[in-house]
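Tertiary structure, described
These are the residues of each chain, in order.
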Amino acid sequence: MRASPVPQPEPAPRPRRRTVLAGAAVAAAAAAVLPAAGAAGAARRPGKTQPHHWRTAAIGGTGFVTGILFHPAVRGLAYARTDIGGAYRWDGRRSRWTALTDHIGWDDWNLMGVEAMAVDPAHPGRLYLALGTYTQAYASPGAVLRSEDQGATWTRADLTVRLGANEDGRGCGERLLVDPRDSETLWLGTRHDGLLRSTDRGATWAADTSFPATASAGGQGVTLLVAAGRTVYAGWGDGGTALYRTNTSGGWEAVPGQPSGAATKVPVRAAYDAGTRALYVSYADGPGPNNQADGSVHRLDTVTGTWTDVTPVAPGAGDAFGYGGVAVDAARPGTVVVSTNNRWGPVDTLFRSTDGGASWTSLKDTAVLDVSETPFLRWGGEPKFGWWIQAVALDPYDSRHIVYGTGATIFGTRDLVHWAPEIRGLEETSVRQLIAPPSGARLLSGLGDIGVMYHDSLTASPSRGMASNPVFGTATGLALAALKPSYVVRTGWPSGSDSAGAYSNDGGASWQPFASQPAIAPSAPGPVAVSADGATLLWSFVHWDGTKYPAHRSTDGGATWAEVATFPKGGVPVADPLDPARFYVYDTDTGSVLLSTDGGATFTEGATGLPSGDVQFRIAAAPGRSGDLWLSAKDNGLLRSTDGGRTFTAVAGCQASHALGFGKAAPRKGRAGYPAVFQTGRVSATYDGVAMLRSDDAGATWVRINDDAHRWGWTGEVITGDPRVHGRVYLGTNGRGIQYADPQ
């Protein structure tokens with residue numbers, strides 16, 4: 001999943017959703033009980049909170065599902081993990097996922113990625129999660145959550161090492177395991193700090209110094225842990241010996257006779273068939289999910305020690321790929337399912353064998369895909385069986401129920417032929433832009449990886465799927481003409497064409513590409529603004545590596561474009577909602593606001609001496625007013641201008657503002673009130689921490705509108721109200737989709 005920028009973001013790859021801690025990996029013993037998915041941080045003093053009913057807008061997945069685990073002893077119970085969007089529990093009776101980690105707060109944003117998960121077969125209520133999204137120095141160390149009630153409540157133990165749930169190798173695993181000999185003992189494989197062990201059910205952790213492999217700062221480390229009877233096997237992804245196991249003396253040893261070569265360099269997944277006492281291991285020449293060109297599947301007879309190559313199809317020239325997920329059928333010994341991964345030519349598949357890998361059938365070849373519940377999976381054309389398939393699970397109570405995760409969803413079957421998303425309740429979108437229009441769609445959204453959506457309903461996936469003509473990957477801009485709301489424009493990373501911009505005359509229901517575009521557009525599409533009357537477009541350009549380019553202006557709907565020399569390169573243009581001649585831009589390099597009164601043709605300097613140095617500082621224009629601007633400057637607070645950006649005054653009492661938007665004014669007798677102001681910020685008089693806030697009196701007072709069970713990590717990208725419903729709020733998260741709420 002391509003994640004949104006976070007405070008101290010890592011350099012991002014082109015959109016298509018390491019420093020390490022030295023020394024022995026010893027975890028802090030501090031732990032906190034988190035009631036009802038409650039706060040993971042320090043206790044907050046009581047503040048001004050208005051209860052809200054929070055829900056997740058339905059799209060359906062949209063991100064990389066990195067792990068799926070059926071509980072071996074409870075029918076209909078499964079868990080899923082994601083790279084940036086937390087963990088989920090599956091309820092087979094409701095056919096729905098429930099989010100388990102929404103309580104993770106702003107300061108703990110790095111814990112929204114789930115590196116690994118484990119269940120205890122002997123204790124059905126027990127669930128363990130290893131959390132940590134990045135291993136870089138800017139990210140916090142990881143943590144282990146443990147639950148006695150299937151994730152309803154948690155106890156947390158902080159680690160001193162970092163985990164990498166959104167880094168290469170995130171589909172490997174599982175890296176966390178309950179020891180089959182002792183439920184008090186857990187194992188955790190790390191990337192750069194070796195193998196950790198806990199003897200008190202995850203409360204404290206220490207390095208297992210008997211593990212023979214040597215960790216490195218840039219490696220994959222332990223890629224998987226699996227129990228085969230009473231023996232624990234550990235995969236190693238940094239070359240040399242790839243598979244170890246526990247021995248009778250309490251230490252570790254290399255598994256004898258194991259295969260070698262490029263096709264077995266990295267053990268990706270493993271599954272144990274208790275009926276035949278066979279361990280199946282999938283391999284690749286890299287950890288994935290990208291950059292794999294070779295791989296294999298091998299079976300170990302754990303009784304005789306005999307290894308057998310059971311690879312369904314060997315990768316080769318013109319068909320390079322690795323192997324990913326592997327699962328066995330608990331009810332039918334000898335039945336195993338494996339997935340290919342990174343197979344972009346013929347497209348990835350699942351292979352199924354009923355004879356221990358002697359022969360295989362490709363399930364993709366007979367698959368009938370039904371994506372009607374999540375139309376975006378048509379990708380502007382035909383649905384695909386999947387890619388980035390490193391998570392495969394087989395229901396221990398239904399041999400024909402197979403599920404697998406992809407880069408965008410979870411597909412499932414009940415008859416080995418018909419496949420459909422089993423994704424209700426699991427939403428992983430990284431949200432970039434949100435517009436609640438005054439009529440038409442309930443909501444328009446710009447998203448990471450899947451472009452723009454027209455939400456005709458908030459409870460069903462958008463019926464039109466991804467905005468097409470053209471199709472985008474990640475959206476970079478979305479704007480509506482305030483006085484002509486049927487006219488909408490969008491920009492983004494091209495997918496399947498070079499078109500990086502489009503317009504709509506029906507409120508975003510259908511689209512046409514701009515007739516032309518600046519030459520830089522396909523390689524550096526940035527944010528866009530449209531004048532209040534829809535007559536003028538301003539398009540800014542920023543490459544994925546941060547390089548900024550001159551903005552361009554069009555006065556003929558995108559037929560022609562001209563460079564705007566006085567517009568600061570890479571700035572975010574903002575249109576005045578009433579005056580079509582006015583545009584604004586905040587120059588984050590110099591801490592100044594530039595103004596245009598000639599339709600964006602030229603810009604002159606307004607207020608200066610404002611906070612600078614952060615591209616995420618931004619201005620927003622209050623609807624229905626001209627020249628009423630609000631500046632969110634992160635920990636520099638919130639500032640406001642009522643003279644069109646010539647001067648700004650700090651909003652008293654607001655210590656931090658990260659994202660800000662507007663909604664319908666509170667009802668008032670005899671006069672129109674000021675629009676409701678929503679922000680992700682900190683107002684200590686209301687709540688001593690970053691929260692979602694609303695003001696109905698132009699920032700004089702604020703009320704907290706979320707609670708400790710609804711925090712979603714980092715939420716600093718976008719928030720907006722609804723012009724039709726007072727109090728309704730839409731919040732863009734970085735991996736938990738679009739959250740929306742109404743006051744209770």
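What counts as what
Residues numbered from 1 in each chain as written. Predicted model: local features only at pLDDT ≥ 70, side-chain atom pairs only at ≥ 80, totals over all residues. Heavy atoms only, no water. pLDDT = per-residue confidence, 0-100. Contact = heavy atoms within 4.5 Å. 1 Å grid on protein atoms, 1.4 Å probe; cavity = no way out; pocket = protein on both sides within 12 Å on 5 of 7 lines; lining within 4 Å. Points joined across faces, edges and corners; volume = space filled by probe spheres on them. Helix = DSSP H or I, 4+ residues; strand = E, 2+ residues; numbered from the N terminus. Nonpolar A, V, L, I, M, F, W, Y, C, P; charged D, E, K, R; others polar. Core = buried A, V, L, I, M, F, W, Y, C linked by side-chain atoms within 4.5 Å. Buried < 20%, exposed > 50% of the residue type's maximum accessible area, 1.4 Å probe, protein only. Phe/Tyr/Trp six-rings, centres within 6.5 Å; stacked < 30°, edge-to-face > 60°. Lys NZ or Arg CZ within 6 Å of the ring centre and 35° of its normal. Salt bridge = Lys/Arg side-chain N within 4 Å of Asp/Glu carboxyl O. Pairing = 2+ DSSP bridges.

To continue, consider the confidence of the model for the protein. Residues at a pLDDT of 70 or more form 94% of the protein, whose mean pLDDT is 93. The model gives residues 5–46 a pLDDT under 50, and that stretch makes 123 contacts with residues more than four places away or in other chains.

Turning next to the layout of surface pockets. Unoccupied space between atoms shows up once a probe the size of one water molecule is rolled over them. Of the pockets and cavities examined, the second largest pocket occupies roughly 1100 Å³. Along the walls of the second largest pocket sit 44 residues, with Leu69, Phe70, Pro72, Val226 and Tyr272 positioned nearest its centre. Only β3 (65–70), β7 (114–120), β11 (176–178), β15 (222–228), β19 (266–273), β23 (322–328) and β28 (391–394) provide two or more residues apiece to the lining of the second largest pocket. By residue class, the composition of the lining of the second largest pocket is 31 nonpolar, five polar and eight charged.

Core analysis: the biggest nonpolar cluster contains 36 residues, and Leu350, Phe376, Val392, Ile402, Tyr404, Trp419 and Ile738 have the highest contact counts within it. Counting residues per element, the ones that place at least two in this core are β28, β29 (402–405), β32 (431–435), β33 (443–447) and β57 (738–743). Membership of the second largest hydrophobic core comes to 16 residues, among which are Ala87, Met112, Leu127 and Leu129.

For the rest of this paragraph, the subject is the packing of aromatic side chains. Considering all chains together, one arrives at 28 aromatic pairs under this definition. Ring geometry for Trp109 and Tyr134: centres 6.4 Å apart, planes at 50°, overall tilted. Placement of the pair is Trp109 in the loop between β6 (96–99) and β7 and Tyr134 in the loop between β8 (123–131) and β9 (143–147), with a sequence separation of 25 residues. In this structure, Trp109 and Tyr134 share a single accessibility class: buried. By the ring-pair criterion, three or more aromatic residues cluster together here, those being Tyr487, Tyr503, Phe514, Trp539, Phe541 and Trp561. Above the ring of Phe472, the side-chain terminus of Arg490 is found at 4.5 Å from the ring centroid. The ring of Trp511 is capped by Arg490, whose NZ or CZ atom sits 4.6 Å from the centre of that ring.

So, on to the pattern of salt bridges. Counted under the stated rule, the structure contains 29 salt bridges. For the salt bridge of Arg414 with Asp398, the shortest nitrogen-to-oxygen distance reads 3.9 Å. Note that Arg414 is positioned in the loop between β30 (410–413) and β31 (418–421) and Asp398 in the loop between β28 and β29, a separation of 16 residues in sequence. Between Asp722 and Arg442 there is a salt bridge, with the nearest N and O atoms lying 3.3 Å from each other. One end of the pair, Asp722, is in the loop between β55 (718–721) and β56 (729–732); the other, Arg442, is in the loop between β32 and β33, with 280 residues separating them in the sequence. Through salt bridges with shared partners, a single ionic network connects Asp120, Arg126, Glu148 and Arg201.

What follows deals with empty space enclosed by the protein. In this model, the second largest cavity occupies a volume close to 60 Å³. Ile68, Phe70, Ala78, Trp90, Trp97, His401, Val403, Ile410 and Glu422 are the residues that line the second largest cavity. Of the residues in the lining of the second largest cavity, the class split is seven nonpolar, one polar and one charged.

This next bit is on the pairing of β57. A regular strand places its side chains on the two faces of the sheet in alternate fashion. Counting buried positions over the six residues of β57 gives five, a clear majority of the element. Across five bridges, the pairing between strand β2 (residues 52–56) and β57 is antiparallel. Note that in β57 the partner of Thr56 across the bridge is Gln739. Relative to β57, β56 runs antiparallel, the two being bridged by four bridges. The residue bridging Leu731 from the neighbouring strand is Gln739, located in β57. Taking the residues that link successive antiparallel strands as the turn, the β56-β57 hairpin has five residues, and the phi of Gly735 there is positive, at about 125°.

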